[in-house]
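Architecture at a glance
Residues per chain, in single letters:
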Amino acid sequence: MLLPLEWLKKYVEIDEDSRTLADKLTLTGSHVEAIISLDKGIENVVVGQVKNIRKHEKADRLLIVDVDIGEDIIQVITGATNFAEGDYVPVALVGAKLPGDIYIEKTNFRGIDSYGMLCSLEELGYEDNVISKEHREGIFVLDKKYPPGSDINDILGLYDEVIELEITPNRPDCLSVVGMAREAAAALDKKLRLPEIKVDNEVDDINNFVESIEIDYDLCNRYYTKVIKDVTIRESPLWLQIRLMEAGVRPINNIVDITNYVMLEFGQPLHAFDLDKLKQKRIVVRRARDGEKIVTLDGVKRDLNSSNLVITDGKEPVAIAGVMGGLDSEITDDTTTVLLESANFNGRSVRLTSKEHNLRSEASSRLEKDLDLNLCEIAAERVCQLVEQIGAGIVVKGTIDVYKSIPRERKIYLRPEKANDLLGTDLTIDDMMDYLQRLELTPTLKDGRLEVIIPTYRSDLNIEEDLIEEIGRIHGFHNIPIKPLVGTLTRGEKPYDKIVEDRADEILRGLGLNQVMTYSFISPRAYDRIRIKPDSKLRDYIELINPLGEDYSVMRTTLIPNMMDLLARNYNYGVKECYAYEIGNIFIPKELPIRQLPIERRTLSIGMYGDVDFYDIKEVVQILFDRLGIVGLEYIREQDDRTFHPNRTASLILKGEEIGIVGEVHGDVMDNYDIGSRVYIAQLNFDKMVEESNLDRRYKPLPKYPGIARDIAVVVDEDVLVGELEKIIWKNSQGLIEKVELFDIYVGDQVEEGKKSVAFSIFYRSSDRTLKDEEVNVIQQAIVEDLEKQLGAVLRA
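With respect to the secondary-structure elements, Asn-732 resides in the loop between helix H19 (722–731) and strand S39 (737–746). Every residue in contact with Asn-732, bar those within four places of it in the chain, is listed here: Ile-779, Ala-782, Ile-783 and Asp-786.

Have a look at this one:
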C-alpha cells in the first residue's frame, strides 16, 4: 500500500521526518517496506500563462507560444496543440533539469529561437500508468490560475514523499489512509483528526430515482446506495488528481476519482453507475446464471457462472460484485445521474471470482477481507460531501440501505497482571489504558479488570491476548527488557509409535525394500482403476474444495493407487524389478458431507514386481511381524477383493480382527496401469501393528538337550490352506514342538487331481530332558489323526 505523507498529515499532526515516522510505525507493528521520494530532481520548471499562440511560418506542425513566467514573457516553440491562450502550463526554462538528466537549452527551430519547453506529465517524471488519458498526449494544462513563475514542484507536490507499507491480512482497516493515520497517531502519541462528514444541500427523494434494491443475503452483507443528479463530468481538481497519482491510481473523471479517493481514504470500495443506462431503476444482487455474459470496464467479454455474484438492473448484469463494473453502465461524459454503490460482499466469493476471472483490483483486494460493514455508510456520505464540495453534482435526499444485520461494538476483558506476565513487563494500569486509548479503544477499570470496548473496524481483536499484543506493540517490544528463559528442562524421547515406525523402516530396508512417500491427494478415477466396488466404503472419500487439479482432488482412503502409480512409473521407465514400501496416512470421514475432522489412520503399503511371487511378499510381511514381536497372525484366503487375484490373496487376521491384505494384483488392474509383470501388494493397518507390537527382547540360554526332527507329508484338497495344517500341528504340540517349517508343496502326476501334497519339518525339543522316540511318536501320531479327522488329510507314503 502507498501512503502519501502529505495526505496522512491531513489527519495527524506530524513534525517528524519520514525516516523517524517509518521507524516508529515499524516498531509499533506496521511493516514499512520503502520510503519513496517524489522529488524527480526537477529544477527551473515554473508555471507559465499562455499569452499568445501563432503558427510557425516555416513549419506547419510547430507553434510559437508567448508565455508569461512572472518576471518576463518568453518565446517557446512546441508541437503540442492541446492548450489555448490563457491556460497555465509547466514551462522548463533554459538551464532547467528534467528527470533522466535532461537539460533544456536555447534551441533554434528553422530560424526562430525557443527559450524553453512546455512540459507533459511524462516529461515531469510521472509513470504512464497513473497519467489520465487526457494528459497522456500533449502538454499538461493546470486546472486553474496559479501565479506565473511559481515552482512546479510546489504546485504538483513533487517535494513530497510516499511510504510503502505491507499490510497483513488480519488488518484490512489499515488498507486506508485513515487506518494508517490511527496507527501513526498511536505510534507518535498524537491526536487523530478525522474529517467531519456533512452534506449541506440534499434535494428531491431517492425513491423517485430507484424503485427497489434486493440482495442475496448469503453473499452480500450490506448494500448502501445514494443518488447524485445534475452531474457534470469533467476533470477532477488538481489536488484530487495529485492525491490519486501519489497513491498509484490513475485519474479518470471527477465522479470516478472521488470514489477512488474515498476508497483510499477509508478503505471502503465504491462504484458509480450511470443510472440512466440501467434498463430498470432497480438493483438486484444475485448469483449469475450459467452462461450469462458481461463486458467489464476493461473491455473484456466474460463468461459468468453460478458461483459468481453479480449486480444486475433486474434484467442483465451491470457489474461483477466487488471485482469490476460493467462497460454498459460506466460513467461517461454524457452521464447526468449517478447511482452510488457502497457495499460489503462475502470475502471468499470476491476472492474466488477475482481469481477465476484473473481480475485483481484495488476494490477486490479490500473486499475479499473482513471489512467493517459500518464503512458502507461513512464512505458513501463522504463521496456525497466531496461531490458537493467540488461542484460535480447535486446530492439527492435519502438512502436505500439493505442488510441482514450490522455489527456493534463489543467488549473484551483484560487482566492487567496477565498482560504483564505474558509481556514480561511491569506496566501500570494507567499505562495500559493510555496505550489502548491511543488506539481508539475505550478501556474502563472494573473490579481490577479492564473492560475494553472494541470498535467494529478492529475485527482482529477478539480475545484477551489480542489486547495484550496491542499494549506490547504500542509500548514497543524493543523496550521490553531482555530476560533469560526460565523453565524446567526435561529429557525428550521418541513416542512409542515413532520407535515402532523406525524399527519397521529398519526391518523393511534390511529386506531390500525402498521407502517412498506419495501425495495424500489422489484422483477419484483411481478407485475405478483398482476395481473398487461402487458401494465400497473406500469410495466415501473427502473431496477438496479448491484442488490443484482433478488428479489431486480427493483425500485417499487407501494407499494401493499410490503404490500402483509408483510401480507402473518404474516399470514404464524400464526398471526390471522394484520393491517399495510406504507408511502414510489414509483419511476416513466420520460422516459425509464432512462436519468434523476425519480419522487419520497410519497404513503400511508394500509393493513388488520382478523375480518374486506371492510367497516372497508373504515372507516379508511375516518377518516384519515376527521382528516387531507381533504374534498370532493368521492368513485367510480372500476371494472377494476385486483388486487382487482371487486365488493368490490372503486377508491378515490378528486376534479375530482383519488388519490387512496381501496378494497378487488382478490382471485387469495391471492392464489399467499398463504393467506387463505380475505385481504383489500388501496393505496393513500400521496403527494396529503398533498396538500389538512388543519390542522387548529376552535372551535364554542355548538348549542343553538335543532335539528330534521329524518330517511329515500329507495329501489334502487343493483349497486347504497351509495355515490350517500348521494350526493343527501346533495344537497337538504338548509344549514340545520348537518350530514347524514348510518345505514342499507338490501338485502333479503322483497325487490325484484336485489334491496337493504338503510337507513339513517338525522340530521337537524339551527344556528339561532328552526326548525319547516314543514320546515324539505319540505326538506325531496324534497330529496325523487330527489332520485326517479335521481336514481329510491322508499320510503320504
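What follows deals with a nonpolar patch on the surface. A cluster of nonpolar side chains, namely Tyr-519, Phe-521, Leu-548 and Tyr-552, defines an oily patch on the protein surface of about 490 Å² accessible area. Within the fold, Leu-548 resides in the loop between strand S30 (542–543) and strand S31 (554–555). A relative accessible area of 83% places Leu-548 in the exposed class.

Our focus in this paragraph is the layout of surface pockets. Approximately 1600 Å³ is the volume found for the largest pocket. Looking at the largest pocket, it is lined by 40 residues, and the ones nearest its centre are Tyr-615, Lys-618, Tyr-635, Val-722 and Gly-723. Sorting the residues of the lining of the largest pocket by element identifies helix H16 (614–627), strand S34 (633–637), strand S35 (644–654), H19 and S39 as the ones contributing at least two each. The element contributing the most residues to the lining of the largest pocket is H16, with seven residues. Partitioning the lining of the largest pocket into residue classes produces 18 nonpolar, five polar and 17 charged. By volume, the second largest pocket amounts to about 1200 Å³. Secondary-structure elements contributing two or more residues to the lining of the second largest pocket are helix H6 (254–266), strand S15 (271–274), strand S20 (317–320), strand S21 (324–325), strand S22 (338–345) and helix H8 (362–367). Of all the elements, H6 adds the most residues to the lining of the second largest pocket, at four residues. In terms of residue class, the lining of the second largest pocket is made up of 23 nonpolar, ten polar and nine charged.

Below, the discussion takes up the sheet that holds S31. One open sheet accounts for three strands, arranged S29-S31-S30; its pairing is antiparallel. In the strand order of this sheet, the two ends are held by strand S29 (521–522) and S30, each with one partner. As paired strands, S29 and S31 are joined by two bridges and run antiparallel to one another. The residue of S31 that forms the bridge with Ile-522 is Val-554.

Right, let's talk about the nonpolar core for a bit. Of all hydrophobic cores here, the largest spans 55 residues; its most connected members are Leu-8, Tyr-11, Leu-21, Ile-255, Ile-258, Tyr-261 and Val-262. Taken domain by domain, the makeup of this core includes at least three residues from each of domain 1 (2–38 + 160–188) and domain 3 (202–403). In contact with Val-262, not counting residues within four places along its chain, are Gly-267, Leu-270, Ala-379, Arg-382, Val-383 and Leu-386. In this structure, Ile-213, Ala-288, Leu-359 and Leu-367 belong to the second largest nonpolar core, which totals 35 residues.

Tallied over the full model, the rule gives 61 salt bridges. Linking Lys-755 and Asp-717 is a salt bridge whose minimum nitrogen-to-oxygen distance equals 2.5 Å. Within this pair, whereas Lys-755 is found in strand S40 (residues 755–764), its partner Asp-717 is found in strand S38 (residues 708–717), the two being separated by 38 residues in sequence. In this structure, Glu-738 and Arg-765 form a salt bridge, with 2.9 Å as the shortest nitrogen-oxygen distance. Residue Glu-738 is located in strand S39, and its partner Arg-765 is located in the loop between S40 and helix H20 (773–791); the two are separated by 27 residues in the primary sequence. Here the residues in one salt-bridge network are Arg-171, Asp-173, Glu-183, Arg-458, Asp-460, Glu-470 and Arg-473, joined through shared partners.

Negative charge collects at one region of the surface, where Glu-122, Glu-123, Glu-127, Asp-128 and Glu-137 lie side by side. Tracing the backbone through its elements, the reader meets Glu-137 in the loop between strand S10 (116–118) and helix H3 (152–156).

As paired strands, strand S32 (residues 578–588) and strand S33 (residues 599–609) are joined by eleven bridges and run antiparallel to one another. Along S33, the bridge assignment pairs Phe-587 with Glu-600. Bridge analysis of S33 against strand S37 (residues 679–685) gives seven bridges, and the strand direction is antiparallel. Each residue of the ladder has a partner; that of Ser-605, found in S37, is Gln-683.

Another point: the packing of aromatic side chains. Counted under the stated rule, the structure contains six aromatic pairs. Ring geometry for Tyr-519 against Tyr-552: centres 5.3 Å apart, planes inclined by 80 degrees, an arrangement best described as edge-to-face. In this pair, Tyr-519 sits in the loop between strand S28 (514–515) and S29 while Tyr-552 sits in the loop between S30 and S31, placing the two residues 33 residues apart along the sequence. Accessibility expressed as a relative area gives 59% for Tyr-519, which makes it exposed. Pairing Tyr-527 with Tyr-541 gives two aromatic rings, centres 5.2 Å apart and planes at 25 degrees, and the pair type is stacked. Of the two residues, Tyr-527 sits in helix H14 (residues 526–529) while Tyr-541 sits in the loop between H14 and S30, which places them 14 residues apart along the sequence. A single burial state applies to Tyr-527 and to Tyr-541, both of which are buried. Positioned above the aromatic ring of Tyr-457 is the side chain of Arg-182, whose terminal nitrogen or guanidinium carbon lies 3.8 Å from the ring centre. Seen from the ring of Tyr-635, Lys-618 lies directly overhead, with NZ or CZ sitting 4.3 Å from the centre.

Let us now look at the environment of Gly-322. Tracing the sequence through the fold places Gly-322 in the loop between S20 and S21. Spatially, the C-alpha atom of Gly-322 lies 43 Å from that of Ile-480, the residues being 158 residues apart in sequence. In contact with Gly-322, not counting residues within four places along its chain, are Phe-345, Val-350, Ala-363, Ser-364 and Leu-367.

Our focus in this paragraph is the domain arrangement of the chain. By domain assignment, the chain separates into domain 1 (2–38 + 160–188), domain 2 (43–155), domain 3 (202–403), domain 4 (410–475), domain 5 (496–692) and domain 6 (708–795). Each of domain 3 and domain 5 has a C-alpha centre, and the two are 55 Å apart.

With burial as the criterion, only one face of strand S24 (residues 400–403) is covered, namely that bearing Ile-400 and Val-402; the residues Asp-401 and Tyr-403 on the opposite face remain uncovered. Alignment of strand S14 (residues 220–229) against S24, held across four bridges, turns out to be antiparallel. By the bridge assignment for S24, Tyr-223 is matched with Val-402.

Right, let's get into the packing of helix H11 (residues 429–438) against helix H12 (residues 464–475). Look at H11 against H12: their axes get within 9 Å of each other, and the N-to-C directions meet at 90 degrees. Classified by the angle their axes make, H11 and H12 are roughly perpendicular. Mapping the contact onto sequence places Met-432, Tyr-435, Leu-436 and Arg-438 in H11 and Leu-467, Ile-471, Ile-474 and His-475 in H12. Tallied by class, the residues present in the contact of H11 with H12 amount to six nonpolar, one polar and one charged.

The rules behind each value
Residues numbered from 1 in each chain as written. Predicted model: local features only at pLDDT ≥ 70, side-chain atom pairs only at ≥ 80, totals over all residues. Heavy atoms only, no water. Helix = DSSP H or I, 4+ residues; strand = E, 2+ residues; numbered from the N terminus. Contact = heavy atoms within 4.5 Å. Patch = residues over 30% accessible without salt bridge, like charges linked within 9 Å, V, L, I, M, F, W, Y side chains within 5 Å. Areas by Shrake-Rupley, 256 points an atom, 1.4 Å probe, with all protein chains shown as cover. Salt bridge = Lys/Arg side-chain N within 4 Å of Asp/Glu carboxyl O. Buried < 20%, exposed > 50% of the residue type's maximum accessible area, 1.4 Å probe, protein only. 1 Å grid on protein atoms, 1.4 Å probe; cavity = no way out; pocket = protein on both sides within 12 Å on 5 of 7 lines; lining within 4 Å. Points joined across faces, edges and corners; volume = space filled by probe spheres on them. Nonpolar A, V, L, I, M, F, W, Y, C, P; charged D, E, K, R; others polar. Pairing = 2+ DSSP bridges. Core = buried A, V, L, I, M, F, W, Y, C linked by side-chain atoms within 4.5 Å. Domains from an automatic or database assignment. Lys, Arg positive; Asp, Glu negative; His and termini not counted. Charge placed at Lys NZ, Arg CZ, Asp CG, Glu CD. Phe/Tyr/Trp six-rings, centres within 6.5 Å; stacked < 30°, edge-to-face > 60°. Lys NZ or Arg CZ within 6 Å of the ring centre and 35° of its normal. Axes fitted to C-alpha atoms, helices over the stretch in contact; angles between N-to-C directions. Parallel < 35°, antiparallel > 145°, perpendicular 65-115°, else oblique.

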